[in-house]
Amino acid sequence: MRVLVTGGAGFIGSHLVDALVAQGDDVVVLDNFKRGRHEHIDDHVRSGGVRLITGDIRDEETVAGAMDGAELVYHLAAQSNVMGAVEDMDYSFSTNVVGTYIVLKCAAAAGVRRVVFSSSREVYGDPNEIPVREDAPLVAKNPYGASKLAGEAYCRVWQETTGLDCIVLRFANVYGPRDRDRVIPRWLTRASEGDALEVYGGHQVIDFVWVGQAVRALLAAATCVNGGPVNVGSGAGTPIIDLGERILALTNARSELRVLPPRSIEVVRFVADVSRMRSVLGIEPEGDPLAQLPQTKRAVAPAP
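Note that the coordinates shown come from a computational prediction; the quantities given were computed from them, not determined experimentally. (Residues numbered from 1 in each chain as written. Predicted model: local features only at pLDDT ≥ 70, side-chain atom pairs only at ≥ 80, totals over all residues. Heavy atoms only, no water.)

S.K.: Explain the overall build of the protein here, please?
M.R.: Check the secondary structure of the protein and you find ten helices and 13 strands. Taking 19 Å as the expected radius of gyration for a compact globule of 304 residues, we find that the protein reaches 19 Å, a close match to that expectation. Dimensions of the protein, computed from the C-alpha atoms along their principal axes, are close to 55 × 45 × 35 Å. For the protein, with 304 residues in total, the buried portion stands at 54%. In the protein, of all internal contacts separated by at least 6 residues, the share reaching a separation of at least 24 is 81%. Accessible surface for the protein amounts to roughly 12700 Å². Of this, 50% is attributable to carbon and sulfur atoms. Measuring between centres, the 31 positive side-chain charges of the protein sit 2 Å from its 38 negative side-chain charges. (Helix = DSSP H or I, 4+ residues; strand = E, 2+ residues; numbered from the N terminus. Rg over C-alpha atoms; globule rule 2.2 N^0.38 Å. Buried < 20%, exposed > 50% of the residue type's maximum accessible area, 1.4 Å probe, protein only. Contact = heavy atoms within 4.5 Å. Areas by Shrake-Rupley, 256 points an atom, 1.4 Å probe, with all protein chains shown as cover. Lys, Arg positive; Asp, Glu negative; His and termini not counted. Charge placed at Lys NZ, Arg CZ, Asp CG, Glu CD.)

S.K.: How do you make sense of the sheet that holds strand β5 (residues 114–120) when you look at a structure like this?
M.R.: In a beta sheet, neighbouring strands pair by backbone hydrogen bonds and run either parallel or antiparallel. Across the sheet, seven strands lie side by side as β3-β2-β1-β4-β5-β6-β11; this open sheet has parallel pairing. Each having just a single partner strand, β3 (50–54) and β11 (230–232) make up the two edges of the open sheet. Shown here is a sheet whose adjacent strand axes are inclined to one another by a mean of 20 degrees, direction ignored. Where strand β1 (residues 2–6) meets strand β4 (residues 72–75), four bridges bridge the pair, whose relative direction is parallel. Bridge pairing links Val-5 to Tyr-74 in β4. (Pairing = 2+ DSSP bridges. Axes fitted to C-alpha atoms, helices over the stretch in contact; angles between N-to-C directions.)

S.K.: Can you walk me through the side chain of Ser-255 in this structure?
M.R.: By secondary structure assignment, the location of Ser-255 is in the loop between α9 (240–251) and β13 (257–260). A distance of 2.9 Å separates the side chain of Ser-255 from the backbone oxygen of Asp-195, its partner in a polar contact. When neighbours within four sequence positions are excluded, Ser-255 is seen to be in contact with Arg-190, Ala-191, Gly-194, Asp-195, Ala-196 and Leu-248. (Polar contact = N/O pair within 3.5 Å; in protein donor to acceptor, adjacent residues only side chain to side chain.)

S.K.: Hey, could you run me through the pairing of β5 in this one?
M.R.: A regular strand places its side chains on the two faces of the sheet in alternate fashion. Summarising burial for β5: seven of the seven residues are buried, a large majority. Of the two faces of β5, the one holding Arg-114, Val-116, Ser-118 and Ser-120 and the one holding Val-115, Phe-117 and Ser-119 are both buried throughout. One ladder, built from four bridges, connects β4 with β5; its direction is parallel. For His-75, the partnering residue across the bridge sits in β5 and is Phe-117. Note that β5 and strand β6 (residues 165–171) share seven bridges and pair parallel. The residue bridging Phe-117 from the neighbouring strand is Val-168, located in β6.

S.K.: Help me understand the pattern of salt bridges, please; the structure alone is not making it clear to me.
M.R.: Any two side chains of opposite charge can pair if their charged atoms end up close together. In the structure shown here, the tally under the stated rule is 21 salt bridges. When the shortest N-O distance is used, the salt bridge between Arg-2 and Asp-26 registers 2.9 Å. Remark: Asp-26 occurs in strand β2 (residues 26–31) and Arg-2 occurs in strand β1; sequence separation between them is 24 residues. According to the relative accessible area criterion, Arg-2 is partly exposed, its value standing at 27%. With a relative accessible area of 35%, Asp-26 lands in the partly exposed category. The residue Asp-126 makes a salt bridge to Lys-141 at a minimum N-O spacing of 2.6 Å. (Salt bridge = Lys/Arg side-chain N within 4 Å of Asp/Glu carboxyl O.)

S.K.: Looking at this structure, I do not really get the packing of aromatic side chains. What am I missing?
M.R.: How two aromatic rings sit relative to each other is set out by the distance from centre to centre and by the angle between their planes. One pass over the full model with this rule turns up five aromatic pairs. Ring geometry for Tyr-101 against Tyr-154: centres 5.7 Å apart, planes inclined by 70 degrees, an arrangement best described as edge-to-face. In this pair, Tyr-101 sits in helix α5 (residues 89–110) while Tyr-154 sits in helix α6 (residues 143–162), placing the two residues 53 residues apart along the sequence. A residue is classified by how much of its surface remains accessible, and Tyr-101, at 33% relative accessible area, is partly exposed. Exposure remark for Tyr-154: the relative accessible area of 34% places this residue in the partly exposed category. (Phe/Tyr/Trp six-rings, centres within 6.5 Å; stacked < 30°, edge-to-face > 60°.)

S.K.: What am I meant to see in the side chain of Gln-213 here?
M.R.: Mapped onto the fold, Gln-213 is located in helix α8 (residues 211–221). Setting aside anything within four residues of it in sequence, one finds Gln-213 in contact with Gly-233, Met-277, Ile-283, Glu-284, Pro-285 and Glu-286.

S.K.: Got a minute to help me understand the packing of helix α7 (residues 183–192) against α9 in this structure?
M.R.: Each pair of packed helices gets described by two things: the angle between the helix axes and the distance between those axes. Running from N to C, α7 and α9 cross one another at 40 degrees; their axes reach a closest spacing of 10 Å. One element, α7, and the other, α9, form an angle in the oblique class. Like other packed secondary-structure pairs, α7 and α9 cross with a definite hand, here right-handed. Contacts between α7 and α9 involve Val-183, Ile-184, Trp-187, Leu-188 and Ala-191 from the first element and Ile-240, Leu-243, Gly-244, Ile-247, Leu-248, Leu-250 and Thr-251 from the second. Here the residues of the contact of α7 with α9 sort into ten nonpolar, two polar and no charged. (Parallel < 35°, antiparallel > 145°, perpendicular 65-115°, else oblique. Left-handed = near helix turned anticlockwise from the far one by under 90°. Nonpolar A, V, L, I, M, F, W, Y, C, P; charged D, E, K, R; others polar.)

S.K.: Looking at this structure, how should I read the nonpolar core?
M.R.: Inside soluble globular proteins, nonpolar side chains tend to come together where they are buried. Judged by nonpolar contacts, the single largest core of 63 residues is most densely connected at Val-5, Tyr-74, Leu-169, Ile-184, Leu-218, Leu-243 and Leu-281. One finds Met-67, Val-73, Ile-102 and Ala-107 within the second-largest nonpolar core, a separate group that totals 24 residues. (Core = buried A, V, L, I, M, F, W, Y, C linked by side-chain atoms within 4.5 Å.)

Structure, rendered in structure tokens:
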């Protein structure tokens, strides 16, 4: 089966590409390399397992060409960093909203069977109740969450008006090798260099999920019965202070855990209700959400 992965050289996308190549799919990757890295997929490109298209999802002609012959599209290309979305709201909007519209438009025109859209827990904002069900109010509190919420709306509209099958996965905080610019890789790097681990507010409770579970959810979304958006998380909350202490113990660092004033745009607590992940995707949580944390040592080098 021919599969297009937008953002396939990025963090989650490249792990998904590994799995798709391993199961024998004909994989096309479309990436503009703003956050993606060539080294994540170079081996597949050299071996012929992946056809790489360097381009932007905001370019309709490029996206239409990448769709040629695709049966399934995983749409992961995005400005996927909350603070990055705040710092450049124009890019966040044009990529996450306009780019998603173009991907859906081209997928419908190409006769794609299904689009799997990578959304985020940020669409909920600060929830009223924990754990958070998929039918909870959607009250995004930052530009990243708003852009993902708009992307979900376009998925629903395209499905209702064109028949394009879209399934939405709302990811909790995914971590693992190849990640950068988020709390776990940033703190591991700072701890290894003896620098303070800075936390804003200190009261956050976060649902962390290993990238391997995220990939299993994406693969399952290709064939599951589409029943609406699905949370992908661990179903457990980790206090941010506990995460910092765990990283300091893991690295044997003497770094300070420094609490700074909170940032108003950040969601301070989220734990996913994973009932639908179980029933729709057939995916079980992995127990300790940070069980794979030592393996992230492979990704602690500062990004170039």
